[in-house]
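Listed here are the chains, written in short residue letters.
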Amino acid sequence: MIPGLVQILLWQGVGELISHFFLPILPGPVLGLILLLGFLIIKGQVNAPLAMVSDAFSQHLGVLFIPAAVGVILFLPQLKAHAFAVMTALLVSVVLTITTTALIVRFFAKKDSDES
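All figures in this text were calculated on a predicted structure; none of them were measured in a lab.

A.B. asks: It is not clear to me how the overall build of the protein should be interpreted in this structure. Could you clarify?
C.D. replies: Counting secondary structure elements, the protein contains six helices and zero strands. When the helices and strands of the protein are listed from N to C terminus, the series reads α-α-α-α-α-α. Taking 2.2 N^0.38 as the reference for a compact globule, 116 residues should give roughly 13 Å; the C-alpha atoms of the protein span a radius of gyration of 20 Å, well beyond that estimate. Along the first, second and third principal axes, the C-alpha atoms of the protein reach 50 × 45 × 35 Å. When the 116 residues of the protein are sorted by exposure, 9% land in the buried category. Within the protein, residue pairs in contact and separated by at least 24 positions form 44% of the contacts whose partners lie at least 6 positions apart. Surface exposure of the protein reaches about 9400 Å², of which carbon and sulfur atoms provide 78%. Here the protein carries 5 positive and 5 negative side-chain charges, and the mean point of each set is 9 Å from the other.

A.B. asks: Explanation requested: helix α3 (residues 48–59) in the structure shown.
C.D. replies: In an α-helix, one full turn covers 3.6 residues, which means residues spaced three or four apart are oriented alike. Taking 1.5 Å of rise per residue, twelve residues should cover 16 Å, and α3 covers 16 Å from first to last C-alpha, within 8% of that figure. All of the buried residues in α3 are Leu 50, Val 53 and Ala 56. The buried residues of α3 occupy an angular sector of 130° when the element is viewed end-on, so they sit on one face. Exposed residues on α3 whose side chains face more than 90 degrees from its buried face are Ala 48 and Gln 59. Summarising the contacts, the buried residues of α3 are in contact with α1 (2–21) and α2 (28–43).

A.B. asks: Looking at this structure, how should I read the packing of α1 against α2?
C.D. replies: Helix-helix packing is described using two parameters, namely the angle between the two axes and the distance between the axes. Taken N-terminus to C-terminus, the directions of α1 and α2 make an angle of 125°; their axes are 7 Å apart at the nearest point. Overall, the two elements α1 and α2 adopt an arrangement that is oblique. Crossing of α1 over α2 shows right-handed handedness. Residue-level contacts link Trp 11, Gln 12, Val 14, Gly 15, Glu 16, Ile 18 and Ser 19 of α1 to Gly 28, Pro 29, Leu 31, Gly 32, Leu 35, Leu 36 and Phe 39 of α2. A per-class count over the contact of α1 with α2 returns eight nonpolar, five polar and one charged.

Here is what the cut-offs are and how they apply
- Residues numbered from 1 in each chain as written.
- Predicted model: local features only at pLDDT ≥ 70, side-chain atom pairs only at ≥ 80, totals over all residues.
- Heavy atoms only, no water.
- Helix = DSSP H or I, 4+ residues; strand = E, 2+ residues; numbered from the N terminus.
- Rg over C-alpha atoms; globule rule 2.2 N^0.38 Å.
- Buried < 20%, exposed > 50% of the residue type's maximum accessible area, 1.4 Å probe, protein only.
- Contact = heavy atoms within 4.5 Å.
- Areas by Shrake-Rupley, 256 points an atom, 1.4 Å probe, with all protein chains shown as cover.
- Lys, Arg positive; Asp, Glu negative; His and termini not counted.
- Charge placed at Lys NZ, Arg CZ, Asp CG, Glu CD.
- Expected span 1.5 Å × (residues − 1).
- Arc of directions from axis to C-beta.
- Axes fitted to C-alpha atoms, helices over the stretch in contact; angles between N-to-C directions.
- Parallel < 35°, antiparallel > 145°, perpendicular 65-115°, else oblique.
- Left-handed = near helix turned anticlockwise from the far one by under 90°.
- Nonpolar A, V, L, I, M, F, W, Y, C, P; charged D, E, K, R; others polar.

By themselves, these observations are geometric and do not establish any function.
What follows is the structure in structure tokens.
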């Protein structure tokens with residue numbers, strides 16, 4: 001399990017370095033995940049230690065929601081005070097996400113049908 005964790009942390013570290021020196025607008029862990037995904041696509045398979053760590057993480061994914069729940073409870077008065085703004089932001093972001101996804105799917109479906 002340690003080699004899998006080391007691989008994930010190395011990719012995160014590379015992402016942090018790229019974020020710090022070249023792309024400060026993107027978070028390092030996100031860049032690390034993108035690089036890891038690209039590496040795995042090029043490689044064509046996931047090695048056993050990395051698969052073991054990812055399986056363990058996915059089995060305990062619910063634990064990652066505990067800090068968010070604590071934050072909601074901790075900032076409940078502020079959330080109540082700004083409920084309209086929070087709900088508006090959530091609604092707008094969901095609508096924009098669904099619209100963007102639909103447009104991208106439509107674009108690729110049209111492109112795929114044109115090529116056939």
